[in-house]
Amino acid sequence: MIIVMKPTAGQAEIDHVVEKVEAVGCKTTLLEGTNRKVIAVIGDKRDIPPEYWDTIPGVEKAVPILTPYKLASREVKKSDTEIKINDQVLGGKKIGVIAGPCAVESQDQINFIAEGVKKAGAIALRGGAFKPRTSPYSFQGLKEEGLEYLARAREATGLAIVTEILSPEHIDLVSSYVDVLQIGTRNMANFLLLEAVGKCNKPVILKRGMSATLDEFLLAGEYILSHGNPNVILCERGIRTFETHTRFTLSLSIVPHLKLLTHLPVIVDPSHGTGVRELVAPMSRGAIAVGADGLILEVHKDPEKSFVDGPQALTIESFEKLMKESGAVAESIGREI
Ligand code: PEP
Ligand code: MN
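Residues numbered from 1 in each chain as written. Chains lettered and ligands numbered in written order. Predicted model: local features only at pLDDT ≥ 70, side-chain atom pairs only at ≥ 80, totals over all residues. Heavy atoms only, no water.

- An unreviewed UniProt entry annotates the protein chain as Phospho-2-dehydro-3-deoxyheptonate aldolase originating from Candidatus Scalindua japonica.

Structure below.
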């Protein structure tokens, strides 16, 4: 259930509603819309009729929510959620592009790429320091040293830093260096990790599990929201199908479907979604055309020498071209890049 407050409702009235809700054993989360505040009630109280809540001072109406994801649902919050990433915003008119290497390899490598993607218009720098690899013998990332390199690249360029977090134990360490935490496809259903990032105050990019349905994806986002972190960005990054011409099957139709069901920003990762460098630019344009709020892309100085995911990495030059071409698509739907 959600309790929609009147536009005139003050803090005392909100506190009073929260007290009443907690008195019946439910938890609350406050959502701040542009005109009014909404209190999401977590806990099943179908035995109490909505009219009970309607009569409390300051309440406009109580609305039962049918979807299993309450906080993520558009039923609760109609307007798009805009998420601040340092001095940039994701989820507004501007399509936010996050770019960088799959993995941080050295200070020179990350600085060179950071400068290149910044010049081309990226709003943030990505780079893995802890890498979730299929094989235990593959490069696992530079770990804390990689985080230090990322922080120095931020100092040099001003770009916000996005990196993947693998375990709840790393929350304090990773958060002390970076601006946005990424949960990878292999961890979308790692509920302890979702809870841990839900309790921290950094924006989170949640990647869709490679075999997750739309509902499972939104419920994973709900885990983060319900632990108190409202800054969740959903990322479609491709799913496993019978098809082998691409690394994964990039399910672009989930973008407009998510946008119907949730107020959270949705971004697309055509690098992992295709695994094929030549397909990244066309699928980026497609992602923008179907309503994505942003892209996350792998870019490398010399893709052939990339420690990880070279075949899908763009050069700086091809990234610049992609940004220009994507700008035209963005403009055609009233957005910018
Ligand atoms: C990545 O972004 O480098 C990554 C490992 O992504 P995913 O979790 O989507 O495979
Ligand atoms: Mn990668």
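1. Section: the packing of aromatic side chains
Move 1: Under the defined criterion, the tally for this structure stands at 3 aromatic pairs.
Move 2: Each ring, one from tyrosine 52 and one from tryptophan 53, has its centre 4.8 Å from the other, and the planes form 85°; the classification is edge-to-face.
Move 3: On the basis of relative accessible area, tyrosine 52 is assigned to the partly exposed category, the value being 35%.
Move 4: In this structure tryptophan 53 comes out as buried when scored by relative accessible area, which is 0%.
Move 5: Here phenylalanine 191 and tyrosine 223 contribute two aromatic rings whose centre-to-centre distance is 4.6 Å and whose plane-to-plane angle is 25°, an arrangement assigned as stacked. Taken together, the residues span a long stretch of sequence, with phenylalanine 191 in helix α6 (residues 191-198) and tyrosine 223 in helix α7 (residues 214-226) at a distance of 32 residues.
Move 6: For tyrosine 223, a relative accessible area of 30% corresponds to the partly exposed category.
Move 7: Positioned over the ring face of phenylalanine 248 is arginine 237, at 4.1 Å from the centre of the ring.
Move 8: Lysine 301 extends its terminal NZ or CZ atom over the ring of phenylalanine 112, reaching a point 4.7 Å from the ring centre. (Phe/Tyr/Trp six-rings, centres within 6.5 Å; stacked < 30°, edge-to-face > 60°. Buried < 20%, exposed > 50% of the residue type's maximum accessible area, 1.4 Å probe, protein only. Helix = DSSP H or I, 4+ residues; strand = E, 2+ residues; numbered from the N terminus. Lys NZ or Arg CZ within 6 Å of the ring centre and 35° of its normal.)

2. Considering the coordination of the manganese ion (ligand 2)
Move 1: Ligation of the manganese ion (ligand 2) by protein atoms is provided by Cys102 (SG), His272 (NE2), Glu298 (OE) and Asp309 (OD), these donors lying 2.0 to 2.3 Å from the ion.
Move 2: For the manganese ion (ligand 2), all donor residues lie on one chain, and their spacing in sequence is C-x169-H-x25-E-x10-D. Of this pair, glutamate 298 sits in strand β14 (residues 294-298) while aspartate 309 is found in the loop between β14 and α11 (316-332), placing the two residues 11 residues apart along the sequence. Aspartate 309 carries the same exposure label as glutamate 298, and that label is buried. (Donors = N, O, S within 2.8 Å, 3.2 Å for Na, K, Ca; no water.)

3. Observations concerning unusual backbone geometry
Move 1: Phi is positive for asparagine 86, close to 50°, though the residue is something other than glycine.
Move 2: Mapped onto the elements, asparagine 86 comes out in the loop between β5 (83-85) and β6 (88-90).
Move 3: Look at asparagine 86 and you get partly exposed, because its relative accessible area is 37%.
Move 4: Positive phi, close to 55°, is recorded for lysine 143, a residue that is not glycine.
Move 5: Tracing the chain through its elements places lysine 143 in the loop between β8 (124-126) and α4 (144-157).
Move 6: Relative accessible area serves as the criterion here: at 38%, lysine 143 is assigned to the partly exposed category.

4. Some thoughts on the sheet that holds strand β3 (residues 37-42)
Move 1: Read across the open sheet, the 4 strands follow the order β2-β3-β1-β4; overall the sheet is antiparallel. What marks the edges here is a single partner per strand, and that holds for β2 (27-32) and β4 (59-63). Strand-to-strand twist in this sheet, taken as the mean axis angle between neighbours without regard to direction, amounts to 20°.
Move 2: Examined bridge by bridge, β2 and β3 share 6 bridges and lie antiparallel to one another. The residue bridging leucine 31 from the neighbouring strand is valine 38, located in β3. (Pairing = 2+ DSSP bridges. Axes fitted to C-alpha atoms, helices over the stretch in contact; angles between N-to-C directions.)

5. Re the domain arrangement of the protein chain
The figure often quoted for interface size is the accessible area lost as the parts come together.
Move 1: Each domain of the protein chain was delimited in the assignment, giving domain 1 (2-63) and domain 2 (83-332).
Move 2: Just the C-alpha atoms count here: the centres of domain 1 and domain 2 sit 35 Å apart. (Domains from an automatic or database assignment.)

6. Here we look at the environment of glycine 146
Move 1: Counting through the fold element by element, glycine 146 comes out in helix α4.
Move 2: Remark: the alpha-carbon pair of glycine 146 and threonine 163, spanning 17 residues in sequence, is separated by 9.9 Å.
Move 3: Discounting chain neighbours no more than four positions away, the residues touching glycine 146 are Val104 and Ala129. (Contact = heavy atoms within 4.5 Å.)

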